[in-house]
Amino acid sequence: MAFDIDKYTANSTAVGWDDLDFDEFNRNPLPAGTLRTLRYMCDVEYHTVCYLRDLLTTPSHKEPEIGAFMTMWNREEFWHGEALAAVLNKHGMSVDFDELKATRIKLGWKDRLDPIKQSLMGGLVGHDFVAVHMAWGAANEWSANAAYIRLAKQENHPVLAELLKRIAAQETKHVAFYASQARERLAGSKKAQVIARFALRKFWAPVGSGISSEAEVAHVMGELFAGTEGRKLIRDIDSHIAKLPGMEGLTIVENALEGFGIPAEGPGREESRRVAVAA
Ligand SMILES: [Fe+2]
Ligand SMILES: [Fe+2]
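Computed from a predicted model, the values in this text were never measured in an experiment.

Around the iron ion (ligand 1), the protein contributes the donor atoms Glu45 (OE), Glu45 (OE), Glu77 (OE), His80 (ND1) and Glu171 (OE), which lie 2.0 to 2.4 Å from the metal centre. Separating the iron ion (ligand 1) from the iron ion (ligand 2) is a gap of 3.8 Å, which Glu77 spans by donating to each of them. Residue Glu45 is found in helix H3 (residues 32-46), and its partner His80 is found in helix H5 (residues 64-89); the two are separated by 35 residues along the sequence. Each member of the pair Glu45 and His80 is classed as buried.

Within the structure shown, the criterion is met by 13 aromatic pairs. When the ring of Phe3 is compared with that of Phe177, the centres are 5.3 Å apart and the planes differ by 80 degrees; the resulting orientation is edge-to-face. Of this pair, Phe3 sits in the segment before helix H1 (5-11) while Phe177 is found in helix H9 (residues 158-187), placing the two residues 174 residues apart along the sequence. Taken together, the ring pairs in this structure connect Phe3, Tyr8, Phe69, Trp73, Phe177 and Tyr178 into an aromatic cluster.

Turning to the nonpolar core, a few remarks are in order. Counting 80 residues, the largest nonpolar core has Leu38, Leu164, Leu186 and Ile241 as the members making the most contacts within it. The element that contributes the greatest number of residues to this core is helix H8 (residues 129-155), accounting for 14 residues.

Here the focus is the coordination of the iron ion (ligand 2). Protein-derived coordination of the iron ion (ligand 2) comes from Glu77 (OE), Glu141 (OE), Glu141 (OE), Glu171 (OE) and His174 (ND1), at a distance range of 1.9 to 2.7 Å. In primary-sequence terms, the residues that donate to the iron ion (ligand 2) follow E-x63-E-x29-E-x2-H.

Right, let's get into the pattern of salt bridges. Charged atoms that come close allow side chains of opposite charge to pair. Taken as a whole and assessed by the stated rule, the structure comprises 15 salt bridges. Here Arg150 makes a salt bridge to Glu229, at a shortest N to O gap of 3.3 Å. With Arg150 in helix H8 and Glu229 in helix H12 (residues 227-242), this pair connects stretches of sequence that are 79 residues apart. Look at Arg150 and you get buried, because its relative accessible area is 5%.

An α-helical turn contains 3.6 residues, so a residue and the one three or four places further along point in the same direction. Burial in helix H13 (residues 252-259) covers these residues: Ile252, Val253, Glu254, Ala256 and Leu257. Buried residues along H13 sit against H8, helix H10 (190-203), helix H11 (214-225) and H12. In the stretch just after H13, Gly261 is the one whose phi turns positive, near 65 degrees.

Across its 16 residues, H12 extends 22 Å between first and last C-alpha, which sits within 8% of the 22 Å expected from 1.5 Å per residue. Residues of H12 that are buried: Gly227, Gly230, Arg231, Ile234, Ile237, Asp238, Ile241 and Ala242. The arc that holds the buried residues of H12, viewed along the axis, is 140 degrees, so those residues lie on one side. Buried residues in H12 make contact with H8, H10, H11 and H13.

Turning our attention to the environment of Leu52. Tracing the sequence through the fold places Leu52 in helix H4 (residues 48-55). A relative accessible area of 13% means that Leu52 is categorised as buried. Placed 15 residues apart in sequence, Leu52 and Gly67 show a C-alpha to C-alpha distance of 9.8 Å.

Definitions and cut-offs
- In this convention, every chain numbers its residues from 1, walking through the sequence in written order.
- Labels follow written order: the first chain is A, the first ligand is 1, and so on.
- In keeping with the model being predicted, local features are shown solely for residues with a pLDDT of at least 70 and side-chain atom pairs are shown and tallied solely at 80 or more, while totals for entire chains, interfaces and linings include all residues.
- Side-chain descriptors were evaluated using all non-hydrogen atoms of the structure, hydrogens and water having been removed beforehand.
- Any N, O or S atom lying within 2.8 Å of the metal counts as a donor, and for Na, K and Ca the limit rises to 3.2 Å; water is left out, so some sites can look incomplete.
- To qualify as a helix, a DSSP run of H or I must reach at least 4 residues; to qualify as a strand, a run of E must reach at least 2; elements of each kind are numbered from the N terminus.
- A 1.4 Å probe rolled over the protein chains alone gives each residue an accessible area, and that area as a share of the maximum for its type sets the label: buried under 20%, exposed over 50%, partly exposed in between.
- When the centres of two rings from Phe, Tyr and Trp lie within 6.5 Å, Trp using its six-membered ring, the rings pair. Their planes under 30 degrees apart give stacked, over 60 give edge-to-face, and anything left gives tilted.
- We define the nonpolar core as a collection of buried residues of types Ala, Val, Leu, Ile, Met, Phe, Trp, Tyr and Cys that are connected through side-chain atoms lying within 4.5 Å of one another.
- The rule for a salt bridge is simple: a side-chain nitrogen of Lys or Arg has to be within 4 Å of a carboxyl oxygen of Asp or Glu.
- The contact rule is simple, with two residues in contact once any of their heavy atoms fall within 4.5 Å.
- How far a helix is expected to stretch is found by multiplying one less than its residue total by 1.5 Å.
- It is the directions from the helix axis to the C-beta atoms whose arc is reported.

Read these as geometric descriptors, not functional statements.
And the structure:
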């Protein structure tokens with residue numbers, strides 16, 4: 001079904017959490033491993049503005065529908081960051097604008113070169129770059145959606161689970177936009193299929209790996225996707241990607257997980273921790 005961009009832009013809003021009782025975190029705080037994962041997610045959400053900046057240097061910015069979507073998408077991701085920062089603040093972890101500035105300064109040349117690299121790539125590939133961007137975005141949004149749903153289920157904290165489900169509902173809309181755009185654009189260009197397949201296979205990495213240390217990425221991947229259940233979720237994401245035109249057989253998310261040595265079988269990290277606490 002076609003994505004209704006007018007409806008999306010008219011209804012786009014901040015994820016709501018005013019009605020949630022955040023004092024529940026005082027009574028029932030989250031474990032350190034989960035806070036570390038939330039911190040990573042919060043950084044990624046707040047970093048969306050930089051991804052947007054990079055992509056505005058490419059042919060994608062000439063497409064009005066994509067421009068409209070990305071404007072709203074950036075706002076929604078920023079608000080996801082704010083909601084997660086509020087959870088972290090309740091646990092004495094501050095994520096303020098000075099902290100974000102420090103992260104960006106730490107990225108140094110990488111941060112400065114990214115928009116130039118994207119612009120060059122967009123220039124080289126031409127209009128087919130838009131299809132690659134959409135396929136890449138779909139892979140990222142499918143991953144984000146799975147991550148929030150998984151964390152909500154694993155943690156089973158009444159307030160966190162509700163907040164993450166609300167965030168995931170917005171991620172589902174992001175998936176719908178990117179995937180429908182990718183499907184249509186890839187179907188219309190064999191060249192775009194070849195480039196997207198090459199780019200995803202060679203360069204895709206979990207969202208946030210460009211701004212966080214390898215240890216943080218490994219922690220988050222292990223927390224969310226270790227064990228049999230986690231691996232099934234990862235394979236589901238890969239099967240969605242593989243259904244895009246020309247992407248048959250790609251297993252980029254599972255390959256990335258294996259690169260971090262995340263076990264494919266047995267209990268997940270959260271389940272192991274619960275068993276250890278109960279024993
Ligand atoms: Fe988000
Ligand atoms: Fe998203």
